[in-house]
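# Coordinate analysis (summary)
Here are the chains, one letter per residue:
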Amino acid sequence: MKDFALRLAERARQTNSRIVLAFDPVGEYRDPKRAKELLHQLSDGLAGTKLGLPSLLAYGPQGLRRLLEEVEGPFICDLKMADVGHVNRMVAEEVFGLGFEAVIVHAFVGIREGVEEVVRVARERGGGVLAVCAMSHRGAEEYLNPRYLELMEGCHAAGVDGFILPATFPELIRRAREKYPEALILSPGVGAQGAPPGSALKAGADFEIVGRALLLSPSPREKLEEMRRELEWTRGYWPRR
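Now for a look at the structure at hand. Please read all numbers here as calculations on a predicted model, not as lab measurements.

## Things to note about the environment of Ala195
For Ala195, the position within the fold is in the loop between β7 (184-190) and α8 (199-203). Counting along the chain gives 29 residues from Ala195 to Pro166, while the straight-line C-alpha distance between them is 9.1 Å. Residues within four places of Ala195 in sequence aside, it is in contact with Ala167, Thr168, Gly189 and Val190.

## Side note on the layout of surface pockets
The volume enclosed by the largest pocket comes to roughly 530 Å³. As for the largest pocket, its lining consists of 29 residues, of which Ala22, Lys50, Lys80, Pro188 and Gln193 are closest to the centre. For the lining of the largest pocket, the secondary structure elements donating two or more residues are β1 (19-23), β2 (48-52), α3 (53-70), β3 (75-81), β7, β8 (207-210) and α9 (212-215). Residue classes in the lining of the largest pocket are distributed as 19 nonpolar, 5 polar and 5 charged.

## Regarding the state of the cysteines
Tallied over the full model, the rule gives 0 disulfides. Cys155 provides the cysteine sulfur closest to Cys77, a residue in no disulfide bond, and the two sulfurs are 17 Å apart. Residue classification places Cys77 among the buried positions, given a relative accessible area of 5%. Free of any disulfide, Cys133 has its nearest neighbouring cysteine sulfur in Cys155, separated by 4.6 Å.

## A look at the pairing of β1
A large share of β1 lies buried, amounting to 5 of its 5 residues. Where burial is concerned, the two faces of β1 agree: the one with Ile19, Leu21 and Phe23 and the one with Val20 and Ala22 are both buried. Pairing of β1 with β8, which is carried by 3 bridges, proceeds in the parallel orientation. Note on β8: the bridge partner recorded for Leu21 is Val210. Note that β1 and β2 share 4 bridges and pair parallel.

## Observations concerning the pattern of salt bridges
Side-chain pairing between opposite charges can occur once the charged atoms of the two side chains come close. One pass over the structure, following the stated rule, counts 18 salt bridges. Residues Arg89 and Glu117 are paired through a salt bridge, measuring 3.1 Å at the closest nitrogen-oxygen approach. Pair noted here: Arg89 is in helix α4 (residues 85-98) and Glu117 is in helix α5 (residues 111-125), with a separation of 28 residues, a long-range link.

## Details of the nonpolar core
Within the largest apolar cluster, 65 residues are counted, with the highest numbers of intra-cluster contacts made by Phe23, Phe100, Cys133, Tyr148, Met152, Phe163 and Leu165. Apart from residues lying up to four places away in sequence, Met152 is in contact with Cys133, Phe163, Leu165, Ala176 and Tyr180.

## Observations concerning helix α10 (residues 220-230)
Within the sequence span of α10, burial applies to Pro220, Leu224, Met227 and Arg228. Axial view of α10: buried residues confined to an arc of 100°, hence all on one face. Facing away from the buried side of α10, by more than 90 degrees, are the exposed residues Glu222 and Arg229. Contacts made by the buried residues of α10 are with α1 (3-15), β1, α2 (32-42), β7, β8 and α9.

## Re unusual backbone geometry
Going from Gly73 to Pro74, the amide bond is cis rather than trans, its omega being 0°. Assignment of secondary structure puts Pro74 in the loop between α3 and β3. Non-glycine residue Asn16 carries a positive phi angle of around 55°. As for its position among the elements, Asn16 is in the loop between α1 and β1. A relative accessible area of 34% means that Asn16 is categorised as partly exposed. A positive phi angle, close to 55°, is found at Glu113, a residue other than glycine.

## Considerations on the packing of helix α6 (residues 148-158) against helix α7 (residues 170-179)
At a closest axis distance of 11 Å, the pairing of α6 and α7 adopts a crossing angle of 40°. Classified by the angle their axes make, α6 and α7 are oblique. As α6 runs across α7, the sense of the crossing is right-handed. Judged by residue contacts, Tyr148, Leu149, Met152 and Glu153 of α6 engage Glu171, Leu172, Arg175, Ala176 and Lys179 from α7. Of the residues that constitute the contact of α6 with α7, the class distribution is 5 nonpolar, no polar and 4 charged.

## Some details on the sheet that holds strand β5 (residues 128-132)
What the 8 strands build is a closed barrel, ordered β1-β2-β3-β4-β5-β6-β7-β8; its pairing is parallel. Pairwise comparison of adjacent strand axes, ignoring direction, gives a mean angle of 25° for this sheet. Across 3 bridges, the pairing between β3 and strand β4 (residues 102-106) is parallel. For Cys77, the partnering residue across the bridge sits in β4 and is Val103. Taken strand by strand, α1 contacts β3, β4, β5, β7 and β8, and its axis lies near 60° from that of β7. Strands in contact with α4 are β3, β4 and β5; relative to β3, the strand with the most contacts, it is inclined by about 160°.

What counts and how
Along each chain, residues carry numbers from 1 onward, in the same order as the chain's sequence is written. The model is predicted, so local features are restricted to residues of pLDDT at least 70 and side-chain atom pairs to those at 80 or more, both for listing and for counting; the totals for chains, interfaces and linings are taken over all residues. The basis for every side-chain value is the complete set of heavy atoms in the structure, and neither hydrogens nor water enter the calculation. Runs of E in the DSSP output that reach at least two residues are strands. Runs of H or I that reach at least four are helices, and both are numbered from the N terminus. Residue contacts follow a heavy-atom distance rule, with two residues in contact if any of their heavy atoms lie within 4.5 Å. Of the two site types, the cavity is a set of points on a 1 Å grid over the protein atoms alone where a 1.4 Å probe fits but cannot get out, and the pocket is an open set with protein on both sides within 12 Å along at least five of seven lines, each lined by residues with an atom within 4 Å of a point. Grid points are joined across faces, edges and corners, and a volume is the space filled by probe spheres set on the points. Any residue that is not Ala, Val, Leu, Ile, Met, Phe, Trp, Tyr, Cys, Pro, Asp, Glu, Lys or Arg is counted as polar, Gly included; the first ten are nonpolar and the last four charged. Cysteine sulfurs are considered disulfide-paired once they come within 2.5 Å of each other. Only protein chains enter the accessibility calculation, which uses a 1.4 Å probe; a residue is then buried when its area is under 20% of its type maximum, exposed when over 50%, and partly exposed in between. When DSSP finds two or more bridges between two strands, those strands count as paired. For this analysis, a salt bridge means a side-chain nitrogen from Lys or Arg found within 4 Å of a carboxyl oxygen belonging to Asp or Glu. Put simply, buried Ala, Val, Leu, Ile, Met, Phe, Trp, Tyr and Cys residues joined by side-chain atoms within 4.5 Å make one nonpolar core. Taken from the helix axis, the directions to the C-beta atoms give the arc we talk about. Angular values range over 0 to 180 degrees, each being the angle between N-to-C directions of two axes fitted as lines to C-alpha atoms, with helices fitted over their stretch in contact. Orientation labels follow simple angle bins: below 35 degrees gives roughly parallel, above 145 gives roughly antiparallel, 65 to 115 gives roughly perpendicular, and whatever is left gives oblique. Left-handed describes a crossing in which the near helix is turned anticlockwise from the far one by less than a right angle; the clockwise case is right-handed.

See the structure below:
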């Protein structure tokens, strides 16, 4: 496994968790103090945390930097980068400078002067790159998801650390796992979008990404523990590693 994948796996073993929190500043969490309290409350039950553009806009770069410095990671930046190479490079450099350990890039921009620039910056900074090759909403079936294996092939050759594949379409995960038995796969869509906890792991994913099911719960910590109990069968189990 590559460096970021190793760090994520080690954290998962430490916390006994295969859950990555998709944090957004919803409701009371627009207050950075409440956001920090929540992340502190959940961090020892998570494998990692993913933050995206809503958090960057709500807290600003320096506010986000402080949050990352004060809470246990690893942290993944989900800006779903989808621009030309030189812009992707500038964004990636800023993101890693804030303290993120990995970035998410859209595979559909292509490898040359696209994904490859993000991979180069990540290698220079000791970070990771995760490529979105399929998405969890229904509209993704129109254009993106039908070409996901082709997108994975290009990104795999470019040296990305892993892939984002949807828990809402477990058959895509199964086929990807068959083709890339050693790949790191993270799957969003668990909870609010309808995929039950554990379904993506059973299909072959390494981690499940959970957002609203935790953030909108009246008791996020209790909800996290409930979900971890549902994943108890994964304790000590690490396929292909």
